[in-house]
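Residues per chain are reported as follows:
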Amino acid sequence: MSDTPPPAPEVTPGRERGLPAFAEELTGTLSVHSQYVLHGNIRDIHLVRHDSAPDDGGADRPYDAHHTLTEVLWNALWQEGYEVLVRYDIVDGFTVVTGPAKDEVRELLHGRDGGGGRPARHPGAAARPAGGPGPLPDTERVLRAIAGGFPPSGPLAGPRPGQRPERQDPIRAVLLIDYAARIPTDVSRLSEPERDFFLSCLKLAEDARPLPDPRSGRKLFNPVIWLADGERELPTWLVAGSERVRTIGLPLPDLGGRRRMARLLAGEHAEKSRRDEGTVRLDKPAGPDAPGGPETPARPDRLTKRAPEPAPAAAPAPASDPEHDIDTFARATAGLTLRAMRESTHMALDRGLPFSAMRDAVRVYQLGVEDNPWQRSYVRDQIRKGESYIRGRVKGQEKAVGKTLDILKRAALGLSGAQASHPGSRPRGVLFFAGPTGTGKTELAKSVATVLFGTEDACLRFDMSEFSAAHSVDRLVGAPPGYVGYEAGGELTTAVRNDPFRVVLFDEIDKADKGVLDKFLQVLEDGRLTDGQGVTTYFSECVLIFTSNLGVRNRADRGGARGGDGGGRIAVPGMPYHELEEIILANVKQHFVEEIGRPELMNRLGGNVVVFDYISAEVAAEIFDSQVGNIQRVLREEQGVFLRLSEEAHRTLSAHCTADSDNGGRGIGMLLETHLINPLARELFDRGALEGTAVTVTGVRLDEDGTAALELRLSSASGAEGVRP
């Protein structure tokens, strides 16, 4: 919006209707409040419902138009008899924006030459750099003059020699203090001049007196309106220190407001598409004087009263339903501003997208990534090919792997949450892996990342045992302003913004603090999370995987009364899978609903809980062979040593390492480390160069103290025969 636009045609006051709630609240309390703090969604555009002009012909036809905050405020206040709008910020100082008395006020502020954006310095004021906005004491003096109505012989202008003042009544003025949070260097540690300035403003709120309107006789304050992103960005004692100061929050638009905006943008999209034949680009926008163009700025003297020309409907695709497209657009922009909706429409026009594809434009606007792997056949092909890969890597979990693949196929088709009236921007897939330790939960998560995105590095893992403290949520989403680590941002939000297409693994989720769990509610429902710096991260293209051992042991009864084995165990190896699944699901639900009081989290997980079975003896033997193979591969690649096991050594180690399946594959690995890797390293460490040597383990002796000794035979790599590879 231009600071000094040409005057708009006169209109009859009272024609506007449907002002935003914050504007109605402000104008309705001007008789009792002298200062306001508007916070929240202050940089957005806002919808105003207009009546059609009387000369349009026919019955009145209301229509919506979007305007800036300044335009909305001025057009509401102008109808209350105010004559001028002045804006202040620490960069430009005082600027007269608009109003019938703008020339008079500009002369009072800047002198008869009218130049510059700074008030003339009164005698004795501190010097300031040329072009600067002026020191805070000088600023406070001007604020007091504006709130008092600019007495013509007051301290700002002084008497005009040889000229009689044109008016004696006060000027009805409105002052917007923009970027108010940037006035103090640190709101928690005000300097002495900053403290004195805000204290003077607080005192001004109490000293100000309402001024009469010559036309209506109403007595209303000349309001000082502070604009800040958050009310805590100003000193608390200013915001809450006087009954004369009122705080008004500006929320994000609700679904109804987004639908109105989507309908307005649909008309603009159709008109631009028709006019420019689908070739409009953002670097060549319609000029500000283009008739009917959405970029035509509404003049702040008055909101535009002419109803926009009805745009010819764009030729839709045969299956396109305009109302459905509008509703889809509105729902896809949950959590976004109306300005973001407008920019998304510009992006769609820039890329030649039809209005029916606005959901894709919104995704690009949110994520900043145009290429979407989920919409390519690549992901589906990877899931088809990766099915055997996953089953080979995660052994003995046919039911768990099958259910996981079903959820991945659902995600690839975009059917996650499809049963809802609108799926919104939920994550592509959500999985909760529950079951005994060492059965392949983490391994399956890494396998999913490899299948979907081609690399295990696409799995972003968080060990939730590190987030058990109440303050640990700050690590995930960033510390709030004023706290240590605020500048660094959150580990989770930063990583997902850098790469929105990935698997996010939350290992051992039951160990996390309740505050951390609460953050997941918004992620699971809306697919987004706002960090400590106010930046929103979108999880709509992620697969979220939670793992836990919940349900294997009875956490509420650790004395063993229900398990009968003294350890509180309620699920045991060898139990039929359907019985194991029933027990674990029941106890997972009990944990979230009764123990930690988060039934809503369990409700959002729904049927995405995947239960892992204990590994059988046959699977344990396969895991043992696989891990021995890993040891052989590492020795071969790192040292050039070829490791073999004799039949006897293999049989002894396998029987010992797989005897107890309680700890699953991880337990087998721990025993292999103790009984094979450690003694083998001890024997090989002091020997000379072994590259090209075949080392055969011919025997294993297990001692009572838990250690092991190996019998080795060394030969050339080609001479070892008759032993297991």
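Source: prediction; values computed, not measured. (Residues numbered from 1 in each chain as written. Predicted model: local features only at pLDDT ≥ 70, side-chain atom pairs only at ≥ 80, totals over all residues. Heavy atoms only, no water.)

1. Overview of the overall build of the protein
Filter applied, for reference: Where helices and strands are cited, they refer to DSSP runs of H or I of at least four residues and of E of at least two residues respectively, numbered from the N terminus. Any residue under 20% of the maximum accessible area for its type is buried, any over 50% is exposed, and the rest in between are partly exposed; the area is computed with a 1.4 Å probe on protein chains only. In this description, contact between two residues means that some pair of their heavy atoms is separated by no more than 4.5 Å. What sets the accessible areas is the Shrake-Rupley method with a 1.4 Å probe; for residues, cover comes only from the shown protein chains.
A tally of regular secondary structure across the protein gives 21 helices and 20 strands. Counting across all 725 residues of the protein, residues that qualify as buried make up 50%. Look at the contacts in the protein between residues 6 or more apart in sequence, and 72% of them connect residues 24 or more apart. With an accessible surface of roughly 34000 Å², the protein has 50% of that area assigned to carbon and sulfur atoms.

2. Notes on the packing of helix H4 (residues 136–148) against helix H5 (residues 192–207)
How two helices pack is summed up by the angle between their axes together with the distance between the axes. Stated formally: Angular values range over 0 to 180 degrees, each being the angle between N-to-C directions of two axes fitted as lines to C-alpha atoms, with helices fitted over their stretch in contact. For classification purposes, angles smaller than 35 degrees are called roughly parallel, those larger than 145 roughly antiparallel, those between 65 and 115 roughly perpendicular, and all remaining angles oblique. Three classes are used, and their members are as follows: Ala, Val, Leu, Ile, Met, Phe, Trp, Tyr, Cys and Pro are nonpolar, Asp, Glu, Lys and Arg are charged, and the others, Gly among them, are polar.
It is the contact of H4 with H5, at a shortest axis distance of 9 Å, that shows an interaxial angle of 10°. In terms of orientation, H4 lies roughly parallel with respect to H5. Along the contact surface, H4 presents Leu136, Thr139, Glu140, Leu143, Arg144 and Ala147, while H5 presents Pro193, Glu194, Phe197, Ser200, Cys201, Leu204 and Asp207. Looking at side-chain class alone, the contact of H4 with H5 contains seven nonpolar, two polar and four charged residues.

3. Focus on the packing of aromatic side chains
Applied cut-off: In this analysis, rings of Phe, Tyr and Trp, with Trp reduced to its six-membered ring, are considered paired at centre separations within 6.5 Å, and the interplanar angle assigns stacked below 30 degrees, edge-to-face beyond 60, and tilted for intermediate values. Lysine NZ or arginine CZ positioned within 6 Å of the ring centre and within 35 degrees of the ring normal marks a charge as sitting over the ring.
Inspection of every chain in the model, using the stated rule, returns 13 aromatic pairs. Here the aromatic rings of phenylalanine 432 and phenylalanine 592 are separated by 6.0 Å at their centres, their planes lie at 80°, and the arrangement is edge-to-face. Of this pair, phenylalanine 432 sits in strand S11 (residues 429–434) while phenylalanine 592 sits in helix H17 (residues 577–595), placing them 160 residues apart in sequence. Neither phenylalanine 432 nor phenylalanine 592 differs from the other in exposure class; each is buried. Through successive ring pairs, a cluster of aromatic residues spans Phe432, Phe462, Phe467, Phe506, Phe520, Phe546 and Phe592. It is arginine 43 that lies over the ring of tyrosine 179; its NZ or CZ is 4.2 Å from the centre. Geometry around tyrosine 82 places arginine 172 over its ring, the cationic atom sitting 4.4 Å from the centre.

4. Details of the confidence of the model for the protein
Condition: For every residue, the predictor assigns a confidence score, pLDDT, that lies between 0 and 100.
Averaged over the protein, the pLDDT score is 78; the fraction of residues at 70 or greater is 77%. Here residues 114–132 scores under 50 on pLDDT; set against residues more than four positions off or in separate chains, the count is 35 contacts. The low-confidence segment residues 719–725 (pLDDT under 50) makes 19 contacts with residues lying over four places distant or belonging to another chain.

5. Some thoughts on helix H2 (residues 69–78)
Most of H2 sits inside the fold, with ten of its ten residues counted as buried. Those residues of H2 that sit buried are Leu69, Thr70, Glu71, Val72, Leu73, Trp74, Asn75, Ala76, Leu77 and Trp78.

6. So, unusual backbone geometry
Look at tyrosine 179: it is not a glycine, yet its phi comes out positive at around 50°. Mapped onto the elements of the fold, tyrosine 179 is located in the loop between strand S6 (173–177) and H5. The phi torsion at glutamate 508 lies on the positive side, around 55°, for a residue other than glycine. Here glutamate 508 is to be found in the loop between strand S13 (503–507) and helix H16 (514–526). By relative accessible area, which is 17% here, glutamate 508 ends up buried.

7. Thoughts on the sheet that holds S13
Stated precisely, the cut-off is as follows: Following DSSP output, two strands are said to pair if at least two bridges run between them.
Strand order in the open sheet made by the five strands is S12-S13-S16-S11-S17, with parallel pairing throughout. Taken across any chain shown, the strands that pair with only one partner, and hence form the sheet edges, are strand S12 (459–463) and strand S17 (609–611). Within this sheet the neighbouring strands show an average axis-to-axis angle of 20°, counted without direction. As paired strands, S11 and S17 are joined by three bridges and run parallel to one another. Bridge pairing links phenylalanine 432 to valine 609 in S17. Along the sheet, helix H15 (residues 491–498) makes contact with S12 and S13, crossing S12 at roughly 180°.

8. Thoughts on the pattern of salt bridges
As a reminder of what qualifies: Just to be clear on terms, a salt bridge is a Lys or Arg side-chain nitrogen sitting within 4 Å of an Asp or Glu carboxyl oxygen.
The full count for this structure, using the stated rule, is 34 salt bridges. Of the charged contacts in the structure, one is a salt bridge between arginine 106 and aspartate 103, with a shortest N-O distance of 3.1 Å. With arginine 106 and aspartate 103 both in helix H3 (residues 102–110) and three residues apart, this pair spans about one turn of that helix. For aspartate 103, a relative accessible area of 54% corresponds to the exposed category. With a closest N to O distance of 3.1 Å, arginine 144 and glutamate 140 form a salt bridge. Placement of the pair is arginine 144 and glutamate 140 together in helix H4, with a separation of four residues, close to one helical turn. Residue classification places arginine 144 among the partly exposed residues on the basis of a relative accessible area of 32%. Three or more residues are tied together by salt bridges with common partners; here these are Glu140, Arg144, Lys203 and Asp207.

9. Side note on the nonpolar core
Grouped burial of nonpolar side chains is what soluble globular proteins tend to show. In plain terms, the rule: What is meant by a nonpolar core is a set of buried Ala, Val, Leu, Ile, Met, Phe, Trp, Tyr and Cys residues, joined one to another through side-chain atoms within 4.5 Å.
Among the nonpolar cores identified, the biggest contains 44 residues, and Phe432, Met464, Leu492, Phe506 and Phe546 are the most heavily contacted of them. It is H16 that contributes the most residues to this core, six residues altogether. Every residue in contact with methionine 464, bar those within four places of it in the chain, is listed here: Leu476, Phe506, Asp507, Glu508, Ile509, Lys511, Ala512, Val516 and Phe520. With 34 residues, the next largest nonpolar core counts Val37, Val86, Ile183 and Leu204 among its residues.

10. Describing the environment of threonine 442
Going by this rule: In protein, a polar contact requires one atom able to donate a hydrogen and another able to accept it; more generally it is a pair of N or O atoms within 3.5 Å, and residues adjacent in sequence count only if both atoms are side-chain atoms.
Within the element layout of this structure, threonine 442 appears in helix H13 (residues 441–453). It is 9.2 Å that separates the C-alpha atoms of threonine 442 and isoleucine 545, two residues lying 103 residues apart in sequence. Contact partners of threonine 442, with chain neighbours within four places excluded, come to Arg461, Leu505 and Asp507. Of note is the side chain of threonine 442, whose polar atom sits 3.0 Å from the side chain of aspartate 507.

11. Observations regarding the sheet that holds strand S19 (residues 693–702)
Reading across the sheet, the three strands line up as S18-S19-S20 and stay open at both edges, with mixed pairing between neighbours. Every other strand in the sheet has two partners, leaving strand S18 (642–645) and strand S20 (708–716) as the edge strands with one partner each. Pairs of neighbouring strands in the sheet enclose a mean axial angle of 30°, with direction left out of account. Taken together, the nine bridges between S19 and S20 define a ladder with antiparallel strand orientation. Each residue of the ladder has a partner; that of glycine 699, found in S20, is glutamate 711. With respect to the sheet, helix H21 (residues 664–685) is in contact with S18, S19 and S20, its orientation differing from that of S20 by roughly 55°.

12. A short note on the pairing of strand S9 (residues 224–228)
A large share of S9 lies buried, amounting to five of its five residues. Both faces of S9 are covered, namely the face carrying Val224, Trp226 and Ala228 and the face carrying Ile225 and Leu227. Relative to S9, strand S1 (residues 35–40) is paired through five bridges, and the arrangement is parallel. Of the residues in S9, the one forming a bridge with histidine 39 is alanine 228. In the sheet, S6 pairs with S9 via three bridges, with the strands oriented parallel. Bridge pairing links leucine 176 to isoleucine 225 in S9.

13. A short note on the side chain of aspartate 178
Mapped onto the elements of the fold, aspartate 178 is located in the loop between S6 and H5. For aspartate 178, a relative accessible area of 10% translates into the label buried. Within the structure, the side chain of aspartate 178 is placed 2.9 Å from the side chain of arginine 43, a separation counted as a polar contact. In this structure, aspartate 178 is in contact with Arg43, Arg87, Tyr88, Asp89 and Leu227, ignoring residues within four places of it in sequence.

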